[in-house]
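Results of the structural survey
Single-letter residue listing:
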Amino acid sequence: VDESDPAGGGGTRDVVRDGSNGLVVPSRSPEALADAMERLMALPEADRQAMGRSGRELILSTFDLQRLTDTWEAIYLELLRRRYRDGTRTDGLQA
């Protein structure tokens, strides 16, 4: 992911920790991608497996369905709380 490229990487920055669970490379750079692939292939098997496990653990802990559901529910409840303080709407609209 190239940090200077606003379109580069999409959500990749949210899940890839360079050197921990993957390798980050600049977008639109086949040379950098090839270099990263060679570095991965040169890693011992145990290191590649550890990198994969780290990525899996991050995904499971961050994007767990129950956790996401709880987060969205909390957001909706907070929005409703703000809209209906003391039993009245605070946005000027009628219920």
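Basis of the calculations
- Residues numbered from 1 in each chain as written.
- Predicted model: local features only at pLDDT ≥ 70, side-chain atom pairs only at ≥ 80, totals over all residues.
- Heavy atoms only, no water.
- Phe/Tyr/Trp six-rings, centres within 6.5 Å; stacked < 30°, edge-to-face > 60°.
- Helix = DSSP H or I, 4+ residues; strand = E, 2+ residues; numbered from the N terminus.
- Expected span 1.5 Å × (residues − 1).
- Buried < 20%, exposed > 50% of the residue type's maximum accessible area, 1.4 Å probe, protein only.
- Arc of directions from axis to C-beta.
- Contact = heavy atoms within 4.5 Å.
- Salt bridge = Lys/Arg side-chain N within 4 Å of Asp/Glu carboxyl O.
- Polar contact = N/O pair within 3.5 Å; in protein donor to acceptor, adjacent residues only side chain to side chain.
- pLDDT = per-residue confidence, 0-100.

**Quick look at the packing of aromatic side chains**
Each aromatic ring pair is characterised by the separation of its centres together with the angle its planes make. This model, assessed by the stated rule, comprises one aromatic pair. Here Trp72 and Tyr76 contribute two aromatic rings whose centre-to-centre distance is 6.1 Å and whose plane-to-plane angle is 35°, an arrangement assigned as tilted. Of this pair, Trp72 and Tyr76 are both found in helix α4 (residues 65–83), four residues apart, which corresponds to roughly one turn of the helix.

**Quick look at helix α3 (residues 45–62)**
Within an α-helix, residues lying three or four positions from one another point in the same direction, as the helix has 3.6 residues per turn. For α3, which comprises 18 residues, the first-to-last C-alpha distance of 26 Å matches the rise-based estimate of 26 Å (1.5 Å per residue) to within 8%. Every buried residue belonging to α3 is among Met51, Gly55 and Leu58, and all of these are buried. Seen end-on, α3 carries its buried residues on one side only, within an arc spanning 65°. Of the residues in α3, the exposed ones pointing more than 90 degrees away from the buried face are Ala46, Arg56 and Glu57. Each element contacted by the buried residues of α3 is listed here: α1 (12–15) and α2 (30–42).

**With respect to the pattern of salt bridges**
All told, the structure shown has three salt bridges when counted by the stated rule. Between Glu45 and Arg48 there is a salt bridge; the shortest N-O distance is 2.5 Å. Note that Glu45 and Arg48 are positioned in helix α3 at a spacing of three residues, about one turn of the helix. Here Glu45 falls in the partly exposed class, since its relative accessible area comes to 44%. By sharing partners, the salt bridges in this structure join Glu78, Arg81 and Arg82 into a single network.

**Some thoughts on the side chain of Asn21**
Along the chain, the position of Asn21 falls in the loop between α1 and α2. A polar side-chain atom of Asn21 sits 2.8 Å from the main-chain carbonyl oxygen of Val15. A polar atom in the side chain of Asn21 sits 2.6 Å from the backbone nitrogen of Arg17. Here Asn21 is in contact with Val15, Val16, Met51, Ser54, Gly55 and Leu58, once residues within four sequence places are set aside.

**Description of the environment of Val25**
Within the secondary structure, Val25 sits in the loop between α1 and α2. Along the backbone, Val25 and Ala36 are 11 residues apart, and their C-alpha atoms lie at a distance of 7.2 Å.

**Examining the confidence of the model for the chain**
On average, the chain scores 85 in pLDDT, and the residues at 70 or more come to 79%. No element of the chain has a lower mean pLDDT than strand β2 (residues 88–89), which averages 69, and none a higher one than α2, which averages 96.

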